[in-house]
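This is what each chain is made of:
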Amino acid sequence: MTWTLNYPGCWFNNGVQLTRNIPMVPLSILAYVKQHGRHILTWASVLVTVLVGLWFLWNGAMVHLLGIDVSGSQSAARDITKMDLEAIYASGNRELWLVTALADQRAVRCSGDNAIAVLLDYVATNPNDAQGRKKLAEHYGLAARYDEFQKEYEVISELEPIESNLTVLSKIYSAQGKHLKQIDILRKIIDATKGRKPKYFLDLAITQQITGHSKATQTTLKELRAHHPDYMDYRTVRIEVTNAIEQEKIDAAYTQATAWIARQNDRIAKGKIRSGDALEAMTPEDALQQLAKELAELSWLFLRAYQPVMASTIIVPYDAWLANSPDLALAYVDALIAQGKLKKTYQKIQSLDQAQTLGPRLYIPYVKLAAMYGNDADQLAVTHHLNPFLFDEEQAISLLFATRGIEKPKMLHAIAKRFNDPSILVAAPVLHVFVDWVTASRNVNPRIQKAFAVSLKPVQHKRLAQLCSAIPDELCFQAIVKQLGNVEQIQAEQIKELAEIYMVSHRANELVDVFTMRMQQPSTGETFSSERLRLAAAGGRDDIIRAWLKASMTSDRLNTAIELFHLANSNHHANLAAEIAEVLYQYRATGQHRGMVIDAYIAGRKIGSLMDFIHADSMNRPENKDRYSYLLRTHAFNDATMRERVVAYCTQIIRAGKVPAHKKLICADILIIQGAAIRALDYIQANAVRYGEPWQSLATQLTYRLY
């Protein structure tokens, strides 16, 4: 039996299988229908979808989603219920009210193509009628013909460049990631509203920042302040901090961030909730929680820019907030870990655990650090205050996976038992599989089959695929893929889910060529293209990534390139990650991109490249000289090339004029260790006479060794 849904609520029986053309019907309904037989499919689905379809039809699916105000339909002022609209239209009447009413009537009768046809005829005769085009765009949206929907609104916005029309187009471009086009539209919206609404200045600044236009972003923020001097919003501060970090103005960024938090904390304490954003309707308690989240986000900005000290320092004055803000506690822990202060991190998490204020996301670093620093009792104590009811299914599975990875069976079983509660597992079928896998020795295939018996969400599919790969169980993996349908016919909305499943299962390469073929199909080509790129990065396909970097590396694609770097690096393709990072750094030499290059070199053990990079970078960034010296000393003992480098470098340092004495002392000591003491002798003896200790002791030792 074939049922084809052309419009919401419009089903047509064609005879073999269930086909869905547009994503208007909830997937859970379809899954339920598939499980319970032909009669439910025939009657229940028809009833549900008709009701859903009628709601969408009269409210407008795309109208509802994008907030479009489709005005201009004149049928509301007329009683059309008793009119024979088809007959009136056949008589030659082509007024907008009639065409609008007739199109709606045909759509209700499941004649969507004919509804669009009558509107196309009207628009062809009246090409400058924006209201007629709005109605046509509405029906394109209902028919899931989004390309035509967009084209109509592009014309509408030219005919009527008013706020409502331009806003729809801005949302379309934003959803498609076409930020450069969105920037042009947002500028037109500001002109149309004469700068009266600060929201559009802020939207423009955010979009300019996404595309890497830092100077334009700052100009827009200045315009915002000029038009609305009293307007305050956290997002403006976030933009300014981000830009300052990218420009290597770390101290300025820190000052801006701390000033904002202190000022808003003071306002909340005085009961003056700030205006201009969502907090104006909050209680002081809720506002403080929101401010803690903002502080956490600002800390993560410094951390992503490879400034972990700043990331933790910004939180220190608000240590008392950690117990009540899981986001802030996680940000602080992340910053401490990035600094290598693992024992201090463990002690901080233990204190939060003892106060029973430990959020679910902190349990993963907790178990890892307990495995490193705790004894058996400490490791089992991790579960003492663990409240399984605070975890969602995804968080619980993540914790089990992380604990399994550190190979501490007792801790893993203790955690799994905490989640082995029927009231939790009844609504978490995939977690149930994981718990059975950990706590029971029996085959988990029956439990997997039960999980398949319900409609799973994308994240559940992904986690189940991870488990099947870990077992490993190929039949289980293929069964998950089959749930999404044949890749040759897969719907656009499921493409991303399929790609995620293959990536988390470390099988990304298997889909790259298949997606390459599907890119040729106009209806889904763009979606397949973007997912193919992500698969290529996760699968280490350097040929595809290099071609993309060469052809597409623009400011509008910076975020895409950063995502590709992380996909390659996290999947252990260090050489590919290094290539991406090098391109990013050449394009824009920010602290974030510099850190990415260093991470990739270290992951790929490309010590020579790392030394070259840091040495060249230290010419402009003096603080990197210490890092370069440290790395040279670290690797010089096992590598002849490194020994030559460290000797040359330290010889240069001790002879330089504007280098602090303690750094010269370190380099002199290195030269002695490396057997090149003669190069430092004159300098050390001169300083022994001039400064005394510790140079005097060093000169004595050196003279003794040489003579």
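So, here's what we can say about the structure. What you see is a predicted model; the values in this text were computed from it and never measured.

The rules behind the values
- Residues numbered from 1 in each chain as written.
- Predicted model: local features only at pLDDT ≥ 70, side-chain atom pairs only at ≥ 80, totals over all residues.
- Heavy atoms only, no water.
- Helix = DSSP H or I, 4+ residues; strand = E, 2+ residues; numbered from the N terminus.
- Buried < 20%, exposed > 50% of the residue type's maximum accessible area, 1.4 Å probe, protein only.
- Contact = heavy atoms within 4.5 Å.
- Phe/Tyr/Trp six-rings, centres within 6.5 Å; stacked < 30°, edge-to-face > 60°.
- Lys NZ or Arg CZ within 6 Å of the ring centre and 35° of its normal.
- Disulfide = S-S within 2.5 Å.
- Core = buried A, V, L, I, M, F, W, Y, C linked by side-chain atoms within 4.5 Å.

1. Let's talk about the side chain of Thr 217
- Note that Thr 217 resides in helix H12 (residues 214-227).
- Judged by relative accessible area, Thr 217 falls into the buried class, the value being 0%.
- Residues within four places of Thr 217 in sequence aside, it is in contact with Ala 205, Gln 208, Gln 209, Ile 239 and Asn 243.

2. Examining the packing of aromatic side chains
- Taken as a whole and assessed by the stated rule, the structure comprises 12 aromatic pairs.
- Their ring planes at 25° and their centres at 6.2 Å tell us that Tyr 346 and Tyr 373 sit as a pair that is stacked. Taken together, the positions of Tyr 346 in helix H18 (residues 342-354) and Tyr 373 in helix H19 (residues 363-373) put the pair 27 residues apart, joining distant regions of the chain.
- Classification of Tyr 346 by relative accessible area gives buried; the value is 5%.
- The exposure class of Tyr 373 is partly exposed, given its relative accessible area of 36%.
- Three or more aromatic residues joined by ring pairs make a cluster, and in this case those are Tyr 346, Tyr 363, Tyr 366, Tyr 373, Phe 391 and Phe 419.
- The cationic tip of Arg 94 hangs over the ring face of Tyr 89; the distance from NZ or CZ to the ring centre is 3.7 Å.

3. Brief notes about the state of the cysteines
- Considering all chains together, one arrives at 1 disulfide under this definition.
- The disulfide that involves Cys 468 links it to Cys 476, with 1.6 Å between the sulfurs.

4. Brief notes about the nonpolar core
- One finds Val 241, Phe 302, Phe 419, Leu 431, Leu 464, Ile 545 and Ile 580 to be the most contacted residues of the largest nonpolar core, which totals 126 residues.
- Tallying contributions element by element places helix H15 (residues 284-304) first for this core, with 9 residues.
- What Phe 419 contacts, discounting residues up to four positions off in sequence, is Leu 386, Pro 388, Phe 391, Ala 396, Leu 399, Ile 424, Leu 425, Leu 431 and Val 435.
- Core analysis: the next-biggest nonpolar cluster, separate from the first, contains 42 residues, Ala 107, Tyr 140, Ile 156 and Leu 204 among them.

5. Regarding the side chain of Gln 466
- Note that Gln 466 resides in helix H26 (residues 458-470).
- On the accessibility criterion, Gln 466 (18% relative accessible area) is buried.
- Leaving out residues up to four positions away in the same chain, Gln 466 has contacts with Phe 401, Val 504 and Ser 505.

6. Examining the environment of Leu 119
- For Leu 119, the location among the structural elements is in helix H6 (residues 112-125).
- The buried category is assigned to Leu 119, whose relative accessible area is 0%.
- Between the C-alpha atoms of Leu 119 and Ala 137, which are 18 residues apart in sequence, the distance is 9.4 Å.
- Sequence-distant contacts of Leu 119, defined by excluding residues within four places in its chain, comprise Val 99, Ala 103, Lys 135, Leu 136 and His 139.

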